[in-house]
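# Summary of structural features
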Number of protein chains: 2
Amino acid sequence: MSTASSEKEMLLLTRCCSFLKALPQRLAAKAFEIAACTKKLAQDDPRRVTHSAKVGVALSLVSLVYYYQPLYVNFGVSAMWAVVTVVVVFEFSVGATLGKGLNRGLATLLAGALGVGAHHLANLSGHIGEPILLGFFVFLQAATSTFVRFFPKIKARYDYGLLIFILTFSLISVSGFRDDEILELAHKRLSTIIIGASACVIISILICPVWAGEDLHNLIALNMEKLANFLQGFGGEYFKTSEDGEGTNDHDKSFLQEYKNVLNSKSTEESLANFASWEPCHGHFQFRHPWKQYLKIGALTRKCAYRIDTLSSYLNSDVQASPEIRSKIQEACTEISLECGKALKELSSAVRTMSQPSSADRHVSNSKAAAGNLESLLRSGLFEDTHDLLAVIPVATVASLLIDVVGCTQRISDAVNELASVANFETVKPTAVSPEQSLLEDVKPVAEIECPHVVVRVGGPTSGLPENYSRRPEPLTGNKQAEM
Amino acid sequence: MSTASSEKEMLLLTRCCSFLKALPQRLAAKAFEIAACTKKLAQDDPRRVTHSAKVGVALSLVSLVYYYQPLYVNFGVSAMWAVVTVVVVFEFSVGATLGKGLNRGLATLLAGALGVGAHHLANLSGHIGEPILLGFFVFLQAATSTFVRFFPKIKARYDYGLLIFILTFSLISVSGFRDDEILELAHKRLSTIIIGASACVIISILICPVWAGEDLHNLIALNMEKLANFLQGFGGEYFKTSEDGEGTNDHDKSFLQEYKNVLNSKSTEESLANFASWEPCHGHFQFRHPWKQYLKIGALTRKCAYRIDTLSSYLNSDVQASPEIRSKIQEACTEISLECGKALKELSSAVRTMSQPSSADRHVSNSKAAAGNLESLLRSGLFEDTHDLLAVIPVATVASLLIDVVGCTQRISDAVNELASVANFETVKPTAVSPEQSLLEDVKPVAEIECPHVVVRVGGPTSGLPENYSRRPEPLTGNKQAEM
């Protein structure tokens, strides 16, 4: 027994020792993990570091105002509202900061005035009536304002303003001071809030500004690009033979997963558009830039991403059509997928560079032509010798989904064209080559022979544009982006 | 000329008159519109009205505390922090209120302690060093805390706490008071915040509580039901002949649109799950109810909704297969769609009533069997006489998507079963009929003959359940829901 217990003790001791020995290592590992995470956060978006420093600067400045006696004598305890305002109002983007600052300032002004009125009214009603009337006023406005916050449109833009309205009204109206002191309180609160909010807005605009509008603009372009990457890679991935497969296993397939971020981008896009609507003109964006049109493009992009999600399930499906069956429509499908991808990439780069998306139209037409090809291929009794429809179904579904994606691309292209005309995107200078010539040069011979209607303009998407705008084969990313 | 100008004047006058005449009518119309909107908001969720009243009550109570002299003498201007806390902390659900209240309280405690320390340290460094050191401290903690708010996990749960941490630290550390007054300030701020937060939490729990957990629970069940409604209606809608079509045009087709809400439910679900994790045990939910499992079910439901979105585009597509072609697979497809719908409805009702989803397994098996039927039908050379594959494609795609939906349903069923076993959902009492008997009674004759494996249990989803649990054909909504 004693041997057993001493053995147990030994075991416990050994475990403790090994735990203590491992502790520094574990702590170091944890610290390393946090450091790595911090580094990644900072590298993913260096503006995060700038933003943190900006908040620090704004707060230090306003805090010292609060600390120094002369200013403190002027504002008294109310000076702390300046500090509170900076902490609460300073947001990542200029739009969010401006929106919150304006909401806070205007709500304080309005609620202060009403609060002084309510206080005065309650004062008139005598010693007993006063608290009852005050309580009733506070209840009424709090309940009403809280309910108003449920209206979706108001919630989107003025939620914070209503919060501050309730706050200020309650604070001012129930303050147990005399009338002139109340006025002073309201005045002090308003001016300190204005000081704090101005500090936020000025620092947020002057030091490395982060514009929500620009973020939305880039996000929409990036989302289209992600779909484009998937579509450009899909053909090769789906139709690769098993021998190809092993060779390319190592190479990066992240482009097949990227589109998943697009599926759930709605809330981000909506809040960015909301913030953007508060922003003044900046860079290439006017004050009333059509941000809503971006949301429309975003919705269509998501719609397309749903199709792509369905499509991607056929990449890894257990039930695969045999290579012989797949090879029959390989060319047409790859062509559709590639052209849709190119069109989306051109649209993305047109949005990014704020130029007319004229070069995308060609790819949309090409993809339509390829879809036409595929349809006639399917109509031609290609699979007559295959009696097993089940074997054809995966391929047929992929074909059908790709034809669906062509429709989605067309709608996205229409929406981008609408944006380009509403936001006056720049028209690209015509090249020396005539439009027809440059088109014919770029159309692949096979498409040219099989479907001459590739070169026919389909009208729809670019209606409203000048007749003689050119189509340049290359996306215009280079110097345009440098300008921005 | 004079006639013309007098005519113009007359026209202007008439317009003004008609505008003024129409003004009351327009105002009335606008008021009516707002009233209708208010009524709708209140009817859609009557808890909104209760919530507004609750905020009013809490604020009136705390305001009067602020107003009355004896309490005011105790706390001074700090009493307003109680009002501020109520306005800022009181959220719609108990979880959100608790989370904000705890965040605010703990952050104030921690930042207060650190702020007093920082103030003391700065005090030691002399008249010139003090503001510099203070400014440095404020900058350092504001910048660090702001950056920490970018960590996704921290943002989800402690974002508000960090905001209050920055706020309190700055307020306390830079207050230009003597050391003992600083301690008092910190103490007052903490106690008034505790008063405000407690008022919020107590009122939010005692008067008509709104539990975020319950909302999440119901939302997940509702989303499954919406998909079920679509699937149950899809067969009839897609395969209806044009004569049927005209007759049923008037009847409500909202069930075909409902699923669209599911597509973008991710952010709502995530914030509800976050709030729910703050909530104490309530109703049928324990403190550590597996809310994350709900998110998993939600994600799978969304995945299924993407397929359904693709499916729905074939309902209104221009390219439709001819009725003859469609009729060939009508029975199998309708069966799959119907059984998947039934399975989802049973799963939804099992989640809603917190009972084992045993009755859903039967429908999942049925849908699998129907998918098998469809596959063998397609394999049998059904469309041999149709050389035009293009005409078959829409139907083939619908078939393929439906087979895909069966897989989605299976995965949702697995996830619900996992939830049922983790959260200890109640096992339904066995009925007098033996399981095999009850099964055979419910299986439709056609399925019984063509695929006897319907009655074979597939194992997977319900592993971990007792072997002899029964399968009741009817969903168990009635008395269970009344209990909740």
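If you're wondering where the values come from, they're calculated on a predicted model, not measured in any experiment.

## Description of helix α6 (residues 126-148) of chain B
Given 3.6 residues per turn, any residue in an α-helix points the same way as the ones three and four places further on. For α6 of chain B, with 23 residues, the first-to-last C-alpha span of 32 Å sits near the 33 Å given by 1.5 Å per residue. All of the buried residues along α6 of chain B are E130, P131, L134, G135, F137, V138, Q141, A142, A143, S145, T146 and F147 of chain B.

## Focus on the state of the cysteines
Residue and element names in this part refer to chain B. For the structure shown, the criterion picks out zero disulfides over all chains. C208 provides the cysteine sulfur closest to C200, a residue in no disulfide bond, and the two sulfurs are 16 Å apart. Residue C200 is classed as buried on the basis of its relative accessible area of 0%. Free cysteine C333: the closest other cysteine sulfur is in C340, separated by 11 Å.

## A short note on the interface of chain B and chain A
Chain B puts 78 residues into the contact, and the matching count from chain A is 79 residues. Regarding the contact of chain B and chain A, the summed buried area is about 7200 Å², with carbon and sulfur atoms giving 72% of it. At the boundary of chain B with chain A, the tally comes to four salt bridges. The salt bridge partner of K303 of chain A is D309 of chain B, with a shortest N-O separation of 3.3 Å. The interface formed by chain B and chain A contains 19 residue pairs in polar contact (both at pLDDT 80 or more). Per-element accounting of the side of chain B that touches chain A gives the leading share, 14 residues, to helix α2 (residues 47-67) of chain B. Partitioned by chemical class, the residues of the side of chain B that touches chain A number 46 nonpolar, 20 polar and twelve charged.

## Some points on helix α14 (residues 323-353) of chain A
For α14 of chain A, the principal kink sits at Q330 of chain A and spans about 55°. Positioned one or two residues after α14 of chain A, M354 of chain A has a phi angle of 55°, which is positive.

## What to know about the UniProt feature "transmembrane region" (unreviewed entry) in chain A
All names here are of chain A. Per the UniProt annotation, the sites labelled "transmembrane region" (unreviewed entry) are residues 75-98, 105-122, 128-148, 160-178 and 190-212. Within the segment residues 128-148, helix and strand shares are 100% and 0% respectively, and the terminal C-alpha atoms sit 31 Å apart. The span residues 190-212 is 78% helical and 0% strand by assignment, and the distance between its end C-alpha atoms comes to 27 Å.

## Describing the environment of P323 of chain A
All names here are of chain A. Turning to its location among the elements, P323 is positioned in helix α14. Given the relative accessible area of 46%, P323 is considered partly exposed. Between the C-alpha atom of P323 and that of I297, which follows or precedes it by 26 residues, the distance is 37 Å.

Scoring rules and cut-offs
- Residues numbered from 1 in each chain as written.
- Chains lettered and ligands numbered in written order.
- Predicted model: local features only at pLDDT ≥ 70, side-chain atom pairs only at ≥ 80, totals over all residues.
- Heavy atoms only, no water.
- Helix = DSSP H or I, 4+ residues; strand = E, 2+ residues; numbered from the N terminus.
- Expected span 1.5 Å × (residues − 1).
- Buried < 20%, exposed > 50% of the residue type's maximum accessible area, 1.4 Å probe, protein only.
- Disulfide = S-S within 2.5 Å.
- Contact = heavy atoms within 4.5 Å.
- Buried area = accessible area lost by both parts, 1.4 Å probe.
- Salt bridge = Lys/Arg side-chain N within 4 Å of Asp/Glu carboxyl O.
- Polar contact = N/O pair within 3.5 Å; in protein donor to acceptor, adjacent residues only side chain to side chain.
- Nonpolar A, V, L, I, M, F, W, Y, C, P; charged D, E, K, R; others polar.
- Bend = angle between axes of the 7 residues up to and from the residue.
- UniProt positions renumbered as here; feature names shortened; annotations may be inferred.

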